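Examining the three-dimensional arrangement
Letter by letter, the chains look like this.
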Amino acid sequence: MHERLTTDCGKVAGSRGLVDVERAGALWRDAVRGMVAVFSLHDLILIGYLVATTICLLFAPPSEVQAQCVHRNLAGIAGMVSLCVFARRATFVAPLLRSIVYRLSLVGAFLLNYLSLRTILPTVRSDNLDAELLQLDLLIFRVEPALWMERFNTRPVVEWFSFFYFSYFFICFLSMLLAVWVARPGRGTSEYAVGTSLVYCIGQLVYMAVPAYGPIKAMEHLYQGPLDGGFFWGAVSSVVQAGGAMKDVFPSLHTAGPLWFALYAFLRARTDRRLFWPAVVAAFFSFNIIISTMLLRWHYAVDVVAGVALATGVAWLTPRLVRWEEGVRARMDLPQPWSFNK
């Protein structure tokens, strides 16, 4: 009976069938391990974002601009893959140099992804949903906050909130400097990288699904006059006109970004009490920036609500994702994402 069963199994599996299955399983495990060794979770989020935007562009009407955007995205994907291979596999290069190149390149990737929206958004969607967002505001709040706040259109008020709106760029830079360059690499760095990648990649993808110009353009005929601003309002206007994506209002990343940075600081303050007061300051700036997005007529209230939801959702999810990634790497006996010594 045993001999017959063995013979039958051999006929079904073949002389090398079971060995081939085991070998295929080993090859698959080696492939997964090799991928985890090269790409961290935040790397995959950034690459996934570029893949998703490329797919959106491929479904857009063909044009010279569309082709340029696709080629730029493909170059970005190739660049990200090459960067990760260099940083984690070019062990013949000094770890410090690989670490510096990797950090600088990540900052460049975030910046280029945002700046490219100016051409990507109108290419993917030529329409706008300003009317729908305005109706949502009226349905939920019974008033359009950007229009209601016109009663505060005085030079001191406009300048106060313009200063905080403009401070967004410094907050982004300062948070990156502290979390990625100054702080000791570890779980906190991973949480910052994963959370920031999620906030901006998700937000920018939603821009493509919900294109809109915002109250400053869609409702310009309803305002009694322009904003009564000075130096800081002029600086804000100049920066937006020069590099803004123009159709990037839902969700409000001016809301989601600073709020995420504040929540991240409070999260880290649980284990490092020195970060408590920096977190309080970040929260104060975040609150003023949120108000400024509506008072300066850039955003509808639903944009702000979506930004708050995005930031809080990412703040809840990020620590869990980072712990999961750490566990996967530990089980595979691989270094953590910000270790370049191997």
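When helices and strands are tallied, the protein chain shows 15 helices and 0 strands. A principal-axis box enclosing the C-alpha atoms of the protein chain has dimensions of 95 × 50 × 40 Å. Residue burial in the protein chain is summarised as follows: out of 342 residues, 45% are buried. Within the protein chain, counting contacts between residues at least 6 apart in sequence, those at least 24 apart form 85% of the total.

With that settled, the discussion passes to the environment of Pro 251. Relative to the elements of secondary structure, Pro 251 occurs in the loop between α12 (231–243) and α13 (253–269). In this structure the C-alpha to C-alpha distance between Pro 251 and Cys 172, which are 79 residues apart in sequence, comes to 17 Å. Setting aside anything within four residues of it in sequence, one finds Pro 251 in contact with Gly 203, Val 206, Tyr 207, Asp 303, Ala 306, Gly 307 and Leu 310.

What follows concerns helix α3 (residues 41–58). Under the 1.5 Å per step criterion, the end-to-end length of α3 is 26 Å for 18 residues, consistent within 8% with the ideal 26 Å. Where α3 is concerned, the buried positions are Leu 41, His 42, Asp 43, Ile 45, Leu 46, Ile 47, Tyr 49, Leu 50, Thr 53, Thr 54 and Leu 57.

A contiguous nonpolar patch, built from Leu 96, Ile 100, Leu 104, Val 107, Phe 173, Leu 174, Leu 177, Leu 178, Trp 181 and Val 182 and spanning about 900 Å² of accessible area, is present on the exposed surface. Of all the secondary structure elements, the ones that give two or more residues to the nonpolar patch are α5 (95–115) and α9 (155–182). Of the residues forming the nonpolar patch, the biggest block, 6 residues, is contributed by α9. Here Phe 173 lies in helix α9.

Another aspect to go through is the layout of surface pockets. Roughly 1100 Å³ of internal volume is contained in the largest pocket. Considering the residues around the largest pocket, the lining is formed by 45 residues, among which Tyr 114, Tyr 168, Phe 169, Cys 172 and Tyr 200 are closest to the centre. Counted by class, the lining of the largest pocket contains 31 nonpolar, 11 polar and 3 charged residues. In this model, the second largest pocket occupies a volume close to 660 Å³. Ranked by residues supplied to the lining of the second largest pocket, first place goes to α9 with 8 residues. By residue class, the composition of the lining of the second largest pocket is 18 nonpolar, 4 polar and 3 charged.

What follows is about the pattern of salt bridges. Pairing of side chains with opposite charge becomes possible as their charged atoms draw close. Going through the model one piece at a time under the given rule, you end up with 8 salt bridges. Between Glu 150 and Arg 297 there is a salt bridge, and its shortest N-O distance comes to 3.5 Å. With Glu 150 in the loop between α8 (145–148) and α9 and Arg 297 in the loop between α14 (276–295) and α15 (301–331), the pair connects residues that are 147 residues apart, well separated along the chain. The buried category is assigned to Arg 297, whose relative accessible area is 6%. For the salt bridge of Arg 274 with Asp 272, the shortest nitrogen-to-oxygen distance reads 2.9 Å. For Arg 274, a relative accessible area of 70% puts it in the exposed group.

Moving on, we come to empty space enclosed by the protein. Taken as a whole, this structure holds 1 cavity of 30 Å³ or more when the rule is applied. If you trace the largest cavity, you find it lined by Ala 146, Met 149, Glu 150, Phe 152, Asn 153, Val 158, Leu 227, Leu 295 and Arg 297. Looking at the lining of the largest cavity, its residues break down into 6 nonpolar, 1 polar and 2 charged.

Now for the environment of Pro 62. Along the polypeptide, Pro 62 turns up in the loop between α3 and α4 (64–89). A sequence separation of 37 residues divides Pro 62 from Ser 99, and the C-alpha atoms of the two residues are 40 Å apart.

Time to look at the packing of aromatic side chains. Applying the stated criterion across every chain yields a total of 21 aromatic pairs. On the basis of an interplanar angle of 80° and a centroid distance of 5.3 Å, the ring pair of Phe 163 and Phe 232 is categorised as edge-to-face. Remark: Phe 232 occurs in helix α12 and Phe 163 occurs in helix α9; sequence separation between them is 69 residues. Phe 232 sits in the partly exposed class, given a relative accessible area of 27%. Here Phe 266 and Phe 276 contribute two aromatic rings whose centre-to-centre distance is 6.2 Å and whose plane-to-plane angle is 70°, an arrangement assigned as edge-to-face. Taken together, the residues span a long stretch of sequence, with Phe 266 in helix α13 and Phe 276 in helix α14 at a distance of 10 residues. Exposure remark for Phe 266: the relative accessible area of 31% places this residue in the partly exposed category. Taking relative accessible area as the criterion, Phe 276 reaches 28% and is therefore assigned partly exposed. Here the aromatic cluster, defined as three or more aromatic residues joined through ring pairs, consists of Trp 160, Phe 163, Phe 164, Phe 231, Phe 232, Phe 284 and Phe 285. One Lys or Arg, Lys 217, reaches over the ring of Tyr 213 and ends 4.0 Å from the middle of that ring. A cation over a ring is seen here: Arg 297 above Tyr 223, with NZ or CZ 3.8 Å from the ring centre.

How each quantity is defined
- Residues numbered from 1 in each chain as written.
- Predicted model: local features only at pLDDT ≥ 70, side-chain atom pairs only at ≥ 80, totals over all residues.
- Heavy atoms only, no water.
- Helix = DSSP H or I, 4+ residues; strand = E, 2+ residues; numbered from the N terminus.
- Buried < 20%, exposed > 50% of the residue type's maximum accessible area, 1.4 Å probe, protein only.
- Contact = heavy atoms within 4.5 Å.
- Expected span 1.5 Å × (residues − 1).
- Patch = residues over 30% accessible without salt bridge, like charges linked within 9 Å, V, L, I, M, F, W, Y side chains within 5 Å.
- Areas by Shrake-Rupley, 256 points an atom, 1.4 Å probe, with all protein chains shown as cover.
- Salt bridge = Lys/Arg side-chain N within 4 Å of Asp/Glu carboxyl O.
- 1 Å grid on protein atoms, 1.4 Å probe; cavity = no way out; pocket = protein on both sides within 12 Å on 5 of 7 lines; lining within 4 Å.
- Points joined across faces, edges and corners; volume = space filled by probe spheres on them.
- Nonpolar A, V, L, I, M, F, W, Y, C, P; charged D, E, K, R; others polar.
- Phe/Tyr/Trp six-rings, centres within 6.5 Å; stacked < 30°, edge-to-face > 60°.
- Lys NZ or Arg CZ within 6 Å of the ring centre and 35° of its normal.

Any functional reading would require information that these geometric values do not contain.
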